[in-house]
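If you want the building blocks of each chain, they are given just below.
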Amino acid sequence: MTRVKIVEVGPRDGLQNEAQAIDTATKIELIDRLGAAGLTVIEATAFVSPKWVPQMADNAAVLRGLHRRPGVTYPVLTPNLKGFEAALEAGATEVAIFAAASESFSKRNINCSIAESLERFRPVAEAAKSAGVALRGYVSCVVACPYEGAIEPKAVAEVSKALLDMGAYEVSLGDTIGKGVPATIRRMIDAVAAVVPVELLAGHYHDTWGMAVANIAASLDAGITTFDASVSGLGGCPYAKGASGNVATEDVVYLMQGMGIETGIDLDLLVDAGAFISAKLGRRNGSKVAQAILAARA
Ligand code: HMG
Ligand code: MG
């Protein structure tokens, strides 16, 4: 393999979990900087209930305010038709529906069972298709659930297939609480790839237990070439207590550079983007690679 696609999820998965207020202009500047660094897919915000996730309440202002670059897409989360309609109105050209492989997580995250969630996503998928809006799917808790413990790979395969059958062009496999290790991630991917083409899968690994980069290396071996990541390792999940951020985008880019795999991303500009948001949040940069580069620059 010579190239991977990196989906930047920091402005959504990263910032959704921040307790402090972040102004819309800062979010937009972060998205602009990520685009300038060469990211071509930047998940911008979420059209979810502001009562559930207050940090995403300025979704329409972010989506309307960002400066669209040619060749860059700005997907947004839409849990239901209400979210989809609001996203469309604000100019979305790509949306993501998000299911789980764990019943308890589904209930806590989107207040319905897995089966109910799929029924709720169906009209979103249909509306997206008729509006010419691209549809991505997520499955959370692909290895473990904060409420149920270990999750059977078979459950992940079933939900992934359902999302693809509905019209998603890709399904992102979320290790929401970062408990996976290369062996469990590989077992899960192999089970999913037995029922859907592996080219349609993406890895979405939180780095809570420090295994995300190793899990990406294992996923490359399993044939996955798309990875979600969050600049400076921003984030967590409001419905997965103790979950830390996604794998840092800087760490993924450095890994790929070392393996001779193209990402199209300028690591220096990416480090600047991570330093910008870390300073704004008064937060330690969560990327080891960024820390090393910043130390070498000083
Ligand atoms: P509900 O309370 O069951 O919804 O929430 P409802 O249909 O009964 O409506 C209740 C209220 O919410 C109503 O308002 C609706 O209008 C409003 P009220 O009459 O009370 O004033 N409402 C909305 N408002 C704005 N946008 C909407 C919307 N829908 C209803 N789209 C719901 C169900 C799905 C809305 C809620 O549970 C929710 O918003 N959940 C989102 C949770 C979330 O965003 N979690 C984080 C993202 S997922 C994630 O991080 C995992 C991932 O990264 C992968 C991984 O790491 O595993 C993707
Ligand atoms: Mg996530």
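Residues numbered from 1 in each chain as written. Chains lettered and ligands numbered in written order. Predicted model: local features only at pLDDT ≥ 70, side-chain atom pairs only at ≥ 80, totals over all residues. Heavy atoms only, no water.

1. Things to note about the overall build of the protein
Inference 1: Of the regular secondary structure elements, the protein holds 12 helices and 11 strands.
Inference 2: Summarising its shape, the C-alpha atoms of the protein cover approximately 55 × 40 × 35 Å along the three principal directions.
Inference 3: Per-residue burial for the protein yields a buried fraction of 56% across its 298 residues.
Inference 4: Considering only contacts in the protein between residues 6 or more positions apart, those separated by 24 or more positions represent 74%.
Inference 5: About 11800 Å² of surface is accessible on the protein, with carbon and sulfur atoms providing 54% of the total.
Inference 6: Charge centroids of the protein, computed over 27 positive and 32 negative side chains, lie 4 Å from each other. (Helix = DSSP H or I, 4+ residues; strand = E, 2+ residues; numbered from the N terminus. Buried < 20%, exposed > 50% of the residue type's maximum accessible area, 1.4 Å probe, protein only. Contact = heavy atoms within 4.5 Å. Areas by Shrake-Rupley, 256 points an atom, 1.4 Å probe, with all protein chains shown as cover. Lys, Arg positive; Asp, Glu negative; His and termini not counted. Charge placed at Lys NZ, Arg CZ, Asp CG, Glu CD.)

2. Topic: the coordination of the magnesium ion (ligand 2)
Inference 1: The protein atoms that coordinate the magnesium ion (ligand 2) are Asp13 (OD), His204 (NE2) and His206 (NE2), at distances of 2.0 to 2.3 Å.
Inference 2: Mapped onto the sequence, the donors of the magnesium ion (ligand 2) take the spacing D-x190-H-x1-H. Taken together, the residues aspartate 13 in helix H1 (residues 10-14) and histidine 206 in the loop between strand E10 (201-205) and helix H9 (212-221) connect sequence positions 193 residues apart. Exposure class is identical for aspartate 13 and histidine 206. Each is buried. (Donors = N, O, S within 2.8 Å, 3.2 Å for Na, K, Ca; no water.)

3. Comments concerning the site of ligand 1
Inference 1: Taken together, 28 residues sit near ligand 1, with Asn80, Asn109, Asn111, Ser140 and Thr176 positioned nearest.
Inference 2: Separating an oxygen atom of ligand 1 from a side-chain N or O atom of histidine 206 is a distance of 3.0 Å.
Inference 3: Taken by itself ligand 1 offers 1100 Å² of open surface, and the protein chains cover 75% of this.
Inference 4: The set of elements that each furnish at least two residues to the shell around ligand 1 consists of H1, helix H4 (81-89), helix H5 (103-110) and strand E6 (134-140).
Inference 5: Classifying every residue of the shell around ligand 1 by side-chain character gives 12 nonpolar, 11 polar and five charged. (Near = heavy atom within 4 Å. Polar contact = N/O pair within 3.5 Å; in protein donor to acceptor, adjacent residues only side chain to side chain. Nonpolar A, V, L, I, M, F, W, Y, C, P; charged D, E, K, R; others polar.)

4. Quick look at the environment of glycine 286
Inference 1: By secondary structure assignment, the location of glycine 286 is in the loop between helix H11 (267-281) and helix H12 (288-297).
Inference 2: The class for glycine 286 is partly exposed, based on a relative accessible area of 39%.
Inference 3: A C-alpha to C-alpha distance of 25 Å links glycine 286 and alanine 57, two positions 229 residues apart in sequence.

5. A short note on the packing of H4 against helix H6 (residues 114-131)
Inference 1: One can describe the packing of H4 onto H6 by two numbers: an axis separation of 9 Å at closest approach and a directional angle of 25°. Between H4 and H6, the angle falls in the class roughly parallel. Crossing handedness for the pair H4 and H6: right-handed. Seen from H4, the contacting residues are Leu81, Phe84 and Leu88; seen from H6, they are Pro123, Val124, Ala127, Ala128 and Ala131.
Inference 2: Residues of the contact of H4 with H6, tallied by class, amount to eight nonpolar, no polar and no charged. (Axes fitted to C-alpha atoms, helices over the stretch in contact; angles between N-to-C directions. Parallel < 35°, antiparallel > 145°, perpendicular 65-115°, else oblique. Left-handed = near helix turned anticlockwise from the far one by under 90°.)

6. A word on the pairing of strand E11 (residues 226-229)
Inference 1: Residues Thr226 and Asp228 line one face of E11 and the alternating positions Phe227 and Ala229 line the opposite face, and both faces are buried.
Inference 2: Where strand E1 (residues 5-8) and E11 come together, four bridges link them in parallel fashion. Bridged to isoleucine 6 within E11 is phenylalanine 227.
Inference 3: Regarding topology, H9 serves as the crossover connection from E10 to the parallel E11, and that connection is right-handed. (Pairing = 2+ DSSP bridges. Right-handed = clockwise from strand over helix to strand, strands pointing away.)

7. Quick word on the pattern of salt bridges
Inference 1: All told, the structure shown has 14 salt bridges when counted by the stated rule.
Inference 2: In this structure, lysine 27 and aspartate 58 form a salt bridge, with 2.8 Å as the shortest nitrogen-oxygen distance. Of this pair, lysine 27 sits in helix H2 (residues 24-36) while aspartate 58 sits in the loop between strand E3 (45-46) and helix H3 (59-65), and the two are 31 residues apart along the sequence.
Inference 3: Here lysine 27 falls in the buried class, since its relative accessible area comes to 4%.
Inference 4: In this structure aspartate 58 comes out as buried when scored by relative accessible area, which is 16%.
Inference 5: Here arginine 297 ties to aspartate 268 by a salt bridge, and the two come within 3.4 Å at their closest N and O atoms. Highlighted residues: arginine 297 in helix H12 and aspartate 268 in helix H11, separated in sequence by 29 residues.
Inference 6: Among the residues examined, arginine 297 registers a relative accessible area of 40% and is labelled partly exposed.
Inference 7: On the basis of relative accessible area, aspartate 268 is assigned to the partly exposed category, the value being 45%.
Inference 8: Counted as one network, the salt bridges with shared partners bring together Lys5, Arg136, Glu170 and Asp228. (Salt bridge = Lys/Arg side-chain N within 4 Å of Asp/Glu carboxyl O.)

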